[in-house]
Amino acid sequence: MNNIVAIVGRPNVGKSTLFNRLIQRREAIVDSVSGVTRDRNYGKSEWNGKEFSVIDTGGYVRGSDDVFEGEIRKQVELAIDEADVIIFVVDVEEGITPMDDVVARLLRKVTKPVLLAVNKVDNAMREKDALEFYNLGLGEYYTFASISGSGTGDLLDALIDAFPVKPEPVQEEVVLPRFAVVGRPNAGKSSFINALIGKERFMVTDIAGTTRDAIDTKFDRFGFEFNLVDTAGIRRKAKVKEDLEFYSVMRSVRAIEHADICILIIDATRGFEGQDQSIFWLAEKNRKGVVILVNKWDLVEKETMSTRDYEEKIKKELMPFTDVPILFVSALTKQRLLKALEATVKVYENRQQRIATSKFNEFMLKVIEAYPPPATKGKYVKIKYCMQLPTQTPQFVFFANMPQYVKEPYKRYLENKIREKWDFSGVPIDIYIREK
């Protein structure tokens, strides 16, 4: 499971610039996903072969100085609560400010690793100015310049060293699929889970989750058996007056990383909102299977073709990844819950699907012959062989004489043809072009 890194600090110290630098470290790193609001970002990064999730808390605080202080405190408390390592960013140009002191006071009390990162240090004079930050009482600091990138390597080395050593997960005799129930607050996640497991919980066993918060519930009814990763009923922290929107996405980051399939529950009365999209793209970028359940469908006034119209609106927001099951359910009346389970299990099976190389070549080479890659600068690309890679998620490689000339539109064409022939509904697909 990936570690979670939270970047904290007062506004305008360069948190978002550092975040952008981290997630663009290499091509394959996931781009940031816009979060609950325009200003909140989530992404994935990698350094020295170790992947981790990054949460940028920047740009969130608004209002007077008093509001600033309260909101900063709230965010730092959330980061302390959820992250494995915290990067506290300060600005060498402005030195230690009262707000930096507020954050430092909170961070001095925690047992989690805290890296003090002094930004905008791009010359020897500023290196000397940075000595002031020893006064924050957080020990060693790391100097860097987020715009140019100088010093970020040392900071990242320290970050990797600071990650806690996590115990190997105890393997069950039968490894069950893990389905995470995710979604914005009040979309009906708790109602959905309660409707599935029933009040009696007679067929349910609680298993300690892989984090202190996510609880795996073993579900074994109606012929289905899987672990349900619940982000709805996670205990509230007594000391954290959490911002629900921010906190729910932090929990979703955890749950998504633990899951094989994400059941994204949206509120039919509110539509497919920004946070729903944020959580969807988090799942897609993590290469998890996704099923979308439009809950509270019993409360929506029905019109002719209303489900089709609603589905089209959602798919428009999901482009180009539109091959996703969308079901209209009601946790309250238990309408179509069994179908929702069937769809989720089917997406899991799709994600496990393996295509024989001979069959894959037989079909795809005809497809490529009928519509070869467009010529670039008078050079023709020839693809003679292809196969599915032996990876956990569906990945396909096509061997070409000039892979650099195969552009994204043609990769999408190949993906669409694969989806037409084989059922990969709800599952992200990766297409690679390599030199033969």
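Residues numbered from 1 in each chain as written. Predicted model: local features only at pLDDT ≥ 70, side-chain atom pairs only at ≥ 80, totals over all residues. Heavy atoms only, no water.

What counts, and what does not: UniProt positions are given in the numbering used here, feature names are shortened, and annotations may be inferred rather than shown by experiment.
By the naming in an unreviewed UniProt entry, the protein chain goes by GTPase Der and is assigned to Flavobacterium psychrolimnae. Heading Sequence similarities (unreviewed entry) of the UniProt record for the protein chain holds this comment: "Belongs to the TRAFAC class TrmE-Era-EngA-EngB-Septin-like GTPase superfamily. EngA (Der) GTPase family." Per UniProt, the protein chain carries the Function (unreviewed entry) text "GTPase that plays an essential role in the late steps of ribosome biogenesis."

### With respect to unusual backbone geometry
The cut-off we apply is this: By the criteria applied, helices consist of DSSP H or I runs no shorter than four residues and strands consist of E runs no shorter than two, each listed in order from the N terminus.
Here M319 and P320 are connected by a cis peptide whose omega angle stands at 5°. In this fold, P320 is placed in the loop between α9 (306-318) and β14 (326-328). Phi is positive for N48, close to 50°, though the residue is something other than glycine. Although it is not a glycine, K120 adopts a positive phi angle of roughly 70°. Residue position: K120 is located in the loop between β6 (114-119) and α4 (124-129).

### So, helix α8 (residues 274-285)
Selection rule: Multiplying 1.5 Å by the helix residue count minus one yields the expected span of that helix. Here's how the labels work: a residue is buried when its accessible area is under 20% of the maximum for its type, exposed when over 50%, partly exposed in between, all with a 1.4 Å probe on protein chains only.
Here α8 contains twelve residues, and its C-alpha end-to-end distance of 16 Å stays within 8% of the 16 Å for a straight helix at 1.5 Å per residue. Within α8, nine of the twelve residues are buried, leaving the element largely enclosed by the surrounding structure. Those residues of α8 lying buried are Q275, D276, S278, I279, F280, W281, L282, A283 and E284. At the C-terminal side of α8, R287 shows a positive phi close to 60°.

### Brief notes about the sheet that holds strand β17 (residues 430-435)
We count it as follows: When DSSP finds at least two bridges between two strands, those strands are taken to pair. Only C-alpha atoms enter the line fits that serve as axes; for helices the fit covers just the stretch in contact. Angles between N-to-C directions range over 0 to 180 degrees.
Read across the open sheet, the three strands follow the order β15-β16-β17; overall the sheet is mixed. Single-partner strands in this sheet number two, and they are β15 (383-388) and β17. For this sheet, the mean inter-axis angle between neighbouring strands, taken without regard to orientation, is 20°. Examined bridge by bridge, strand β16 (residues 395-400) and β17 share six bridges and lie parallel to one another. For F398, the partnering residue across the bridge sits in β17 and is I433.

### Describing the environment of P164
For clarity, the cut-off: Here, residues are in contact when the closest pair of their heavy atoms is within 4.5 Å.
Here P164 shows up in the loop between α5 (152-162) and β8 (178-182). Spatially, the C-alpha atoms of P164 and P113 are 8.5 Å apart, while their sequence positions differ by 51 residues. Here P164 is in contact with N3, D84 and V85, once residues within four sequence places are set aside.

### Here we look at the nonpolar core
The cut-off we apply is this: In these notes, a set of buried Ala, Val, Leu, Ile, Met, Phe, Trp, Tyr and Cys residues joined through side-chain atoms within 4.5 Å is what counts as a nonpolar core. Start and end positions for the domains come from either an automated domain assignment or a database one.
If you look at the biggest cluster of nonpolar residues, it comprises 51 residues, and the most contacted ones within it are F88, L107, F280, I292, V294 and I314. Among the elements that take part in this core, α8 stands out by supplying five residues, more than any other. Structurally, this core is a two-domain feature, drawing no fewer than three residues from each of domain 1 (1-160) and domain 2 (176-350). Sequence-distant contacts of F280, that is, excluding residues within four places in its chain, are made with L264, F272, V290, I292, L318, F321 and V324.

### So, the confidence of the model for the protein chain
Formally: Residue-level confidence of the predictor is what pLDDT reports, using numbers from 0 through 100.
A residue-level look at the protein chain finds 78% of positions with pLDDT of 70 or above and a mean pLDDT of 78. pLDDT under 50 marks residues 59-64. Its contacts with residues more than four places away, or in other chains, come to 15 contacts. pLDDT under 50 marks residues 199-214. Its contacts with residues more than four places away, or in other chains, come to 38 contacts.

### Here we look at the packing of aromatic side chains
Note the cut-off: Two rings from Phe, Tyr or Trp (for Trp, the six-membered ring) form a pair when their centres are within 6.5 Å of each other. A pair whose planes differ by under 30 degrees is stacked, one over 60 is edge-to-face, and the rest are tilted.
The tally for this structure, following the rule as stated, stands at 17 aromatic pairs. Put simply, the rings of F360, F363, F396, F398, W422 and F424 pair up and form one aromatic cluster.

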